[in-house]
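Spelled out, the chains give:
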Amino acid sequence: MNIRKIRIVEWESITSDGAVLAIVITAAGALGDFGVQILLARSVSVAWYGDYSIAYSVLILGGIVAILGSDRTCMRFLPGYIGKGDQARISGFCLLHVGLAIGVSLLIVAVTAIAHYALDTEGISFFDTSKGHPVLFAVWLIPFYAVYRLAPGVLSAAGRAIHSTVSTRLGVPAVTAAVIVLIPLAGYAITPEAMLGGFALAYFLVVLTVIAFLPKDVSLWSWRKAYDPRLWLGISIPIMVGQLVWKLNGYSGTLMLEIIGKDEAQVGLFSAATNAGALVMIPMTALVATILPRLGPIAQGDENHAARQKLYGQATRQLTFFTLIVALPVLLFREQVLGLFGADYQSAGLVLMMIATTFLVTGSLGISAPFLQFCGYEKLILYIIVGSTLLDVLLCSVLVPSFKANGAALSFLIRGLLADGIALYVLWRYLGFVPFLTESRSISVPASKTGDTDART
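Bear in mind the structure is a predicted one, so any value in this text is a computation, not a measurement. (Residues numbered from 1 in each chain as written. Predicted model: local features only at pLDDT ≥ 70, side-chain atom pairs only at ≥ 80, totals over all residues. Heavy atoms only, no water.)

**Concerning the overall build of the protein chain**
From N to C terminus, the protein chain includes 17 helices and 0 strands. In the protein chain, buried positions account for 49% of the 457 residues. Summarising the internal contacts of the protein chain: among those between residues at least 6 apart in sequence, 82% fall at separations of at least 24. Of the roughly 21,000 Å² of accessible surface on the protein chain, a fraction of 67% belongs to carbon and sulfur atoms. (Helix = DSSP H or I, 4+ residues; strand = E, 2+ residues; numbered from the N terminus. Buried < 20%, exposed > 50% of the residue type's maximum accessible area, 1.4 Å probe, protein only. Contact = heavy atoms within 4.5 Å. Areas by Shrake-Rupley, 256 points an atom, 1.4 Å probe, with all protein chains shown as cover.)

Okay, structure coming up:
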């Protein structure tokens, strides 16, 4: 007990400066992403921005499938391999997952093309356009995004976490913005495909940067390669399923607007409002990077209940305070915020209000979900997200035909508040955690939920 406390204190004191720097970089990166979205929206029509948004969501979802969860499992295996100097397993791990990523990406391309040409008949079009949707271009970029998801994890595993954060959080928006600015200067028109190409170039350059910044004693290539695919994939694939469900939950409204509404302009309005509302999540995105590492060592054991409650209380206090600071200007000046995207987007004020309200609650109390995951309730959180996504599909099916983007935003509000409320209730009911409080109340944690901390994290 005392040893554990000493280790935690030492860990916090050693990494405090790095944690602050990571928060600053993450927040700056989120603002950079927002700036890129403004630049993209102002460069094309609302409908083309909607086309881009649909294609980009397919790119992200496809990349998550293609990399098969290795962007997370590399942080579990590679630090040990690197510490032992086991170049054969480092090379084997990277080669296996990069090879699978390319193979799965080509499979996604083939399935998408076959589905498009099979359904592209008069009156039954797979994509609502006569010339082919930018999705058909985006699927070819999936390998770039898939490998990009793995690369920063490899760099972090090698002890270069700050380099990894800088290259992903700041490098991607910087390169993408540069591409969008240079295209007109070169005499070419900006299209959804060009916008996607800017991101692909950024992903490629991040991978090269990661390779360049790897320590000299870490090599991604070895003539002798060691593989353990059953272990690696056995852990990676369930993680990939969870990541896919989480990300699909975020894109379900956008996809339903395209499938049901078949109006790219409405998709563009909804996407712009979502990107503006996501500003409210900056505090949680930044602070969670320091909260969860502190939770990991105390996530299990009845003796650590008080420490968990204290951390949860501090986290919800801080998140609520900082989230409110960001949310109030977005809510009060929503037309001006949307005006940054262009005058045509100001009509989405009601959409932004509903989305920002949802993010306000999630940014303040949404830390409940990671706490449940770390404390052994991973499947329950997955069920909540699956239920939330299905509810969104159902509500959008009813609301989108009549209310379009407003209907998708109302669905986002309902299912978001419901999911956050269920997670909050479960955390209180079964683990005894109360928001904003730093002193614990007595709680009997079920024996089935205690176990090895490493397995949970």
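**Structural notes on the confidence of the model for the protein chain**
On average, residues of the protein chain score 87 in pLDDT, and 89% of them reach the 70 mark or higher. Considering each helix and strand of the protein chain separately, the mean pLDDT is smallest for helix H17 (residues 453-456), with a value of 35, and largest for helix H14 (residues 349-365), with 97. Across residues 1-16, confidence stays below pLDDT 50; counting only partners more than four residues off in sequence or on other chains, it has 11 contacts. Below a pLDDT of 50 lies the segment residues 122-130, which in the model reaches 16 contacts outside its immediate sequence neighbourhood of four places, other chains included. (pLDDT = per-residue confidence, 0-100.)

**Quick look at helix H8 (residues 192-213)**
Taking 1.5 Å of rise per residue, 22 residues should cover 32 Å, and H8 covers 32 Å from first to last C-alpha, within 8% of that figure. Those residues of H8 lying buried are Pro 192, Ala 194, Met 195, Leu 196, Gly 198, Phe 199, Ala 200, Ala 202, Tyr 203, Val 206, Val 207 and Val 210. (Expected span 1.5 Å × (residues − 1).)

**Some thoughts on the packing of aromatic side chains**
Taken as a whole, this structure holds 23 aromatic pairs when the rule is applied. An angle of 50° between the planes, with centres 5.8 Å apart, marks the rings of Tyr 425 and Trp 428 as tilted. Here Tyr 425 and its partner Trp 428 are both found in helix H16 (residues 378-431), 3 residues apart, which amounts to about one turn of the helix. On the basis of relative accessibility, which here comes to 45%, the residue Tyr 425 falls in the partly exposed class. Aromatic rings pair up to connect Phe 34, Tyr 49, Tyr 52, Tyr 56, Tyr 145, Tyr 148, Phe 199, Tyr 203, Phe 341 and Tyr 345 into one cluster. Here the basic side chain of Lys 225 rests over the ring of Trp 221, its NZ or CZ set 3.4 Å away from the ring centre. In this structure, Arg 429 is placed above the aromatic ring of Tyr 430, and the distance from its NZ or CZ to the ring centre is 5.4 Å. (Phe/Tyr/Trp six-rings, centres within 6.5 Å; stacked < 30°, edge-to-face > 60°. Lys NZ or Arg CZ within 6 Å of the ring centre and 35° of its normal.)

**Details of the nonpolar core**
The biggest cluster of nonpolar side chains holds 132 residues, and the ones touching the most others in it are Tyr 49, Tyr 56, Leu 78, Tyr 203, Phe 341, Tyr 345 and Phe 371. At 15 residues, the largest contribution of residues to this core is made by H16. Look past the residues within four positions of Tyr 56 in its chain and what remains in contact with it is Leu 196, Phe 199, Tyr 203 and Tyr 251. (Core = buried A, V, L, I, M, F, W, Y, C linked by side-chain atoms within 4.5 Å.)

**Topic: unusual backbone geometry**
Here the phi dihedral of Leu 68 falls at roughly 55°; this positive angle occurs in a residue that is not glycine. Residue placement: Leu 68 occurs in the loop between helix H2 (46-67) and helix H3 (70-84).

**Some details on the packing of helix H9 (residues 229-261) against H16**
Look at H9 against H16: their axes get within 9 Å of each other, and the N-to-C directions meet at 20°. One element, H9, and the other, H16, form an angle in the roughly parallel class. As H9 packs across H16, the resulting crossing turns out to be right-handed. Taken together, the residues of the contact of H9 with H16 sort by class into 16 nonpolar, 8 polar and 3 charged. (Axes fitted to C-alpha atoms, helices over the stretch in contact; angles between N-to-C directions. Parallel < 35°, antiparallel > 145°, perpendicular 65-115°, else oblique. Left-handed = near helix turned anticlockwise from the far one by under 90°. Nonpolar A, V, L, I, M, F, W, Y, C, P; charged D, E, K, R; others polar.)

**Things to note about the pattern of salt bridges**
Counted under the stated rule, the structure contains 3 salt bridges. Between Arg 89 and Asp 86 there is a salt bridge, with the nearest N and O atoms lying 3.7 Å from each other. The exposure class of Arg 89 is partly exposed, given its relative accessible area of 25%. Between Arg 415 and Asp 392 there is a salt bridge; the shortest N-O distance is 3.4 Å. Across the pair, exposure class does not vary: Arg 415 and Asp 392 are buried alike. (Salt bridge = Lys/Arg side-chain N within 4 Å of Asp/Glu carboxyl O.)

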